[in-house]
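Here is how the chains run, residue by residue.
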Amino acid sequence: MALRLWASSTANALRVSSSRTHLSPALSLSRCFSSVLDGLKYASSHEWVKHEGSVATIGITDHAQDHLGEVVFVELPEPGGSVAATKGFGAVESVKATSDINSPISGEVIEVNTKLTESPGLINSSPYEDGWMIKIKPSSPAELKSLMGAKEYTKFCEEEDASH
C-alpha cells in the first residue's frame, strides 16, 4: 500500500495523468500531494464542510494544513456560540504562522473537538477525520451551494499553487 501511495504521488508530481488512486474511492490526490475528499464542500479559504442531516462538521483542508506546517496550537469557539459564513471563528498556530479559521457557513456551534487542545497535530495527521474543529447546526443550509465540490476545489488549489 505504501508503494502504491508512493507511485501515485510520484505520478502526480510528474504530472502523469492519475486523478484517482486505488487507496480509497472517495480520495483523490492533487499534484501538491494534498488529499481532497468527495462528498465534502470546500471554501476558497481552505475549510471543508461535511453536512449530515442537521449537523455540519467543519475543519481545515489537507491543502491548508500542508501549507501551514506542524500545527502546535488551536483556538476554537465555545459551544453555544454562533459562526457566520466567511467570518473567523478561531485560529491555528503552526511553526510557520498563525492563521484565522473562517466558517464556510453560518450556524450555532453545538460541539468543539476538545482533542485538539491536547493534540493539535491531529489537524496534520487527520484533517478530515480526527482533526475536525467544530460541529454546527446550520442556520442557512443554502449557503452550502456557494461552496466548491472536490473537483472544483482540486482545480482551485492547483491554480492557486501555480500562481505562487
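Residues numbered from 1 in each chain as written. Predicted model: local features only at pLDDT ≥ 70, side-chain atom pairs only at ≥ 80, totals over all residues. Heavy atoms only, no water.

Which residues make up the UniProt feature "modified residue: N6-lipoyllysine" (unreviewed entry) in the chain, and what are the values?
If you check UniProt for "modified residue: N6-lipoyllysine" (unreviewed entry), the listed places come out as Lys96 in our numbering. Inspection of the secondary structure puts lysine 96 in the loop between strand 8 (88–94) and strand 9 (98–102). When sequence neighbours within four positions are dropped, the list of residues in contact with lysine 96 reads Asp66, His67, Leu68 and Gly69. Of note is the side chain of lysine 96, whose polar atom sits 3.4 Å from the backbone oxygen of histidine 67. (UniProt positions renumbered as here; feature names shortened; annotations may be inferred. Helix = DSSP H or I, 4+ residues; strand = E, 2+ residues; numbered from the N terminus. Contact = heavy atoms within 4.5 Å. Polar contact = N/O pair within 3.5 Å; in protein donor to acceptor, adjacent residues only side chain to side chain.)

Any details on the confidence of the model for the chain? Residues and values, ideally.
Across the chain, the average pLDDT comes to 83, with 80% of residues at or above 70. Taken together, the stretch residues 1–32 has pLDDT below 50 and engages in 43 contacts with residues farther than four places along the chain or on a different chain. (pLDDT = per-residue confidence, 0-100.)

Describe the environment of asparagine 113, naming the residues involved and giving the relevant values.
Here asparagine 113 lies in the loop between strand 10 (107–112) and helix 3 (115–118). Separated by 54 residues in sequence, asparagine 113 and glycine 59 place their C-alpha atoms 9.9 Å apart. Dropping the residues within four chain positions of it, asparagine 113 is found in contact with Leu76, Asp130, Gly131, Trp132 and Met133. At 3.1 Å, the side chain of asparagine 113 and the backbone nitrogen of lysine 115 are in polar contact. Within the local environment of asparagine 113, its side chain forms a polar contact with the backbone oxygen of aspartate 130, the two atoms lying 2.8 Å apart.

A description of the packing of aromatic side chains should follow, citing residues and the corresponding values.
Each aromatic ring pair is characterised by the separation of its centres together with the angle its planes make. Counting across every chain of the model gives 3 aromatic pairs. With centroids separated by 5.8 Å and ring planes inclined at 55°, the aromatic side chains of tryptophan 48 and tyrosine 128 adopt a geometry described as tilted. One end of the pair, tryptophan 48, is in strand 4 (residues 47–52); the other, tyrosine 128, is in the loop between helix 4 (122–125) and strand 11 (134–138), and 80 residues separate them in sequence. Judged by centre distance (6.3 Å) and plane angle (25°), the rings of tyrosine 153 and phenylalanine 156 are stacked. Taken together, the residues span about one helical turn, with tyrosine 153 and phenylalanine 156 both in helix 5 (residues 150–162) at a distance of 3 residues. An aromatic cluster of three or more residues is present, and its members are Tyr42, Tyr153 and Phe156. In this arrangement the basic side chain of lysine 135 is found over the ring face of tryptophan 132, its NZ or CZ atom lying 4.9 Å from the centre. (Phe/Tyr/Trp six-rings, centres within 6.5 Å; stacked < 30°, edge-to-face > 60°. Lys NZ or Arg CZ within 6 Å of the ring centre and 35° of its normal.)

Help me get a handle on the sheet that holds strand 6 (residues 71–75), residues and values and all.
Read from one edge of the open sheet, 3 strands run 6-8-9, paired in antiparallel fashion. Both edges of this open sheet fall to strand 6 and strand 9, since each of them pairs with a single strand only. Neighbouring strand axes in the sheet, compared pairwise and without regard to direction, differ in orientation by 25° on average. As judged from the 4 bridges shared by strand 6 and strand 8, these two strands associate in the antiparallel manner. (Pairing = 2+ DSSP bridges. Axes fitted to C-alpha atoms, helices over the stretch in contact; angles between N-to-C directions.)

Hey, could you go over the side chain of asparagine 124 for me, with residue numbers and the actual values?
Tracing the chain through its elements places asparagine 124 in helix 4. Among the polar contacts made by the side chain of asparagine 124, one reaches the main-chain amide nitrogen of valine 71 at a distance of 2.8 Å.

Account for the nonpolar core, with residues named and values stated.
Ranked by size, the top nonpolar core spans 25 residues in total, and within it Leu76, Phe89, Ile105, Met133, Ile134 and Ile136 carry the most contacts. Secondary structure elements with two or more residues in this core: strand 5 (55–60), helix 2 (62–68), strand 6, strand 8, strand 10, helix 4 and strand 11. Among the elements that line this core, the one with the most residues is strand 5, at 3 residues. With residues up to four places along the chain from it excluded, the contact list for leucine 76 reads Phe89, Ile101, Val112, Asn113, Leu116, Met133 and Ile134. In terms of nonpolar packing, the next biggest core, distinct from the first, is built from 10 residues, Tyr128, Trp132, Ala150 and Cys157 among them. (Core = buried A, V, L, I, M, F, W, Y, C linked by side-chain atoms within 4.5 Å. Buried < 20%, exposed > 50% of the residue type's maximum accessible area, 1.4 Å probe, protein only.)

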